[in-house]
Amino acid sequence: MGEPEYESVVLVKQEVFVYKIPPRQSNRSYRAADWNLLDPIWTGRLRMVAKGRSLCVKLEDKSNGTLFANCPIESYPGVAIEAVSDSSRYFVLRIQDGNGRTAFIGLGFGDRSDSFDLNVALQDHFKWVKNEEKIEKEKVEPKQQLDLGFKEGETIKINMKITKKDGSEVSSRLTGKKTGAGGLLPPPPGGNNKISPPQAGSPSHQPSSSASAAAGQTEWGEFTSAGVQSTTAADTAATPSKTNANWVQF
């Protein structure tokens, strides 16, 4: 046996107005302006009661609680309760007696906040009903579990960073040819041509003039950059031994 369903009061409004409404002539919405709003046919209390998933609006006498009308509501929006098109304070209810006979009446509130509370209570109840139905459906038909296993022939690629002892990182996917020791680029083509060292005792290479010093500074700059400065022609004649220090013996 299932658990017993208890009746709970969802909403109570101490004063509502009931109106007689003219028959609906077409499919257009109801309008409260067509009612005699200054002359309601009944005034009393509204109680919205929920029992399980069922919901109904009960119109009762304020003093003794005598039931005036009962409105079962299967869904909202729906035919059981419908808002009018020209005001937010009025609704049309489809009331039902114990024999199943139905009739339509107008319902009005004196304050807009009361009609707002009615809308919120209706929406909350049927939202709860929808969630309950979803939970029960999942119990009967559980969700399909995702297959996260590898299929035949399926592979994955992982990028990994390897940290060296000096703190630098190298990607494991880096490939290619090495450019040389220490990361230096290879020499350009034809870089094997070397300048022959000067012949000892050759008069053309004697540092006896400023032109020779300039030529030596241009061709052998990498050797003279060690701190030996070029000299003038007069200095060359005065101190030949210092000028000879520019030459490197091979």
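Here, the structure is the one placed above.
Read on for an overview of the structure. Quick caveat, the model's predicted, so the values are computed rather than measured. (Residues numbered from 1 in each chain as written. Predicted model: local features only at pLDDT ≥ 70, side-chain atom pairs only at ≥ 80, totals over all residues. Heavy atoms only, no water.)

**Regarding the overall build of the protein chain**
Helices and strands together make up the secondary structure of the protein chain, namely 5 helices and 9 strands. Traced from its N-terminal end to its C-terminal end, the protein chain shows the element sequence β-β-β-β-β-β-β-α-β-β-α-α-α-α. Buried positions account for 23% of the 250 residues belonging to the protein chain. For the protein chain, contacts bridging at least 24 residues in sequence account for 51% of all contacts bridging at least 6. (Helix = DSSP H or I, 4+ residues; strand = E, 2+ residues; numbered from the N terminus. Buried < 20%, exposed > 50% of the residue type's maximum accessible area, 1.4 Å probe, protein only. Contact = heavy atoms within 4.5 Å.)

**A look at the pairing of strand 1 (residues 7-19)**
Pairing between strand 1 and strand 2 (residues 42-51): 9 bridges, direction antiparallel. Looking at strand 2, one finds that Phe17 is bridged to Thr43. Note that strand 1 and strand 7 (residues 102-108) share 3 bridges and pair antiparallel. Pairing of Tyr19 across the sheet is with Gly106, part of strand 7. (Pairing = 2+ DSSP bridges.)

**Quick notes on the side chain of Lys58**
Along the chain, the position of Lys58 falls in strand 3 (residues 54-60). In this structure Lys58 is buried but unpaired, with Glu7 as the nearest side chain of opposite charge at 5.4 Å. Setting aside residues up to four positions removed in sequence, Lys58 forms contacts with Arg45, Leu46, Arg47, Val49, Leu67, Ala69 and Asn70. (Lys, Arg positive; Asp, Glu negative; His and termini not counted. Salt bridge = Lys/Arg side-chain N within 4 Å of Asp/Glu carboxyl O.)

**Some points on the sheet that holds strand 2**
Spatial strand order, 4-3-2-1-7-6-5: 7 strands in an open sheet with antiparallel pairing. If you trace the sheet from one side to the other, it starts and ends with strand 4 (67-73) and strand 5 (81-83), each paired once. Neighbour-to-neighbour, the strand axes of this sheet turn through a mean angle of 30°, independent of strand direction. As defined by bridge partners, strand 3 adjoins strand 4 across 6 bridges and the pair is classed as antiparallel. The residue bridging Leu59 from the neighbouring strand is Ala69, located in strand 4. Packing against the sheet, helix 1 (residues 112-140) makes contact with strand 1, strand 2, strand 3, strand 4, strand 5 and strand 6 (90-96), and its axis sits at approximately 145° to strand 1. (Axes fitted to C-alpha atoms, helices over the stretch in contact; angles between N-to-C directions.)

**Quick notes on the nonpolar core**
Within the largest apolar cluster, 25 residues are counted, with the highest numbers of intra-cluster contacts made by Leu59 and Leu93. Of all the secondary-structure elements, those providing two or more residues to this core are strand 1, strand 2, strand 3, strand 4, strand 6, strand 7 and helix 1. Apart from residues lying up to four places away in sequence, Leu93 is in contact with Val57, Leu59, Cys71, Ala80, Ile81, Ala103, Phe104, Ile105 and Leu107. Ranked by size, the runner-up nonpolar core spans 9 residues in total, among them Tyr19, Tyr30, Trp35 and Tyr90. (Core = buried A, V, L, I, M, F, W, Y, C linked by side-chain atoms within 4.5 Å.)

Spatial relationships are all this shows, so hold off on functional conclusions.
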